[in-house]
Amino acid sequence: MDTIALRMSVHNGSEELLEVVLEPYGRDYWLQPGESLLVHTAPCDDHGAVWPGTAKGNEPFEVDYHPGLIRVHFNGTHGWVTDLADNELDCGHQRP
């Protein structure tokens, strides 16, 4: 059976550069105004049933907002970031 992966879109609706940090890795990605990216994670089992590490339990992502910064903590076996065309982005993407 293929592993189920979930994704969440992050969009910069501001007029400023926005830092997105993928936790627990601490990887940073920077979005220009109007730009979006996708954060992906895979669950800890092949059925998509286990999401450890969340404050409320059974949640694939937790998001923490600060002005100019969004922290996305994935709660699966691994996490990765892509553009909207599913091209994986490197850590430091568009870092000033």
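Before reading on, note that the structure itself is shown above.
Being a predicted model, the structure only gives us computed values, none of them experimental.

Regarding the pattern of salt bridges
For the coordinates displayed, the defined rule picks out 2 salt bridges. Between R71 and E23 there is a salt bridge whose closest N-O contact spans 2.8 Å. Of the two residues, R71 is situated in strand β6 (residues 69-74) and E23 in strand β2 (residues 18-23); the sequence distance between them amounts to 48 residues. Residue D28 pairs with R95 through a salt bridge whose shortest N-O separation is 2.6 Å. Of the two residues, D28 sits in strand β3 (residues 27-31) while R95 sits in the segment after β7 (78-82), which places them 67 residues apart along the sequence. By relative accessible area, which is 9% here, D28 ends up buried.

Definitions and limits used
- Residues numbered from 1 in each chain as written.
- Predicted model: local features only at pLDDT ≥ 70, side-chain atom pairs only at ≥ 80, totals over all residues.
- Heavy atoms only, no water.
- Salt bridge = Lys/Arg side-chain N within 4 Å of Asp/Glu carboxyl O.
- Helix = DSSP H or I, 4+ residues; strand = E, 2+ residues; numbered from the N terminus.
- Buried < 20%, exposed > 50% of the residue type's maximum accessible area, 1.4 Å probe, protein only.

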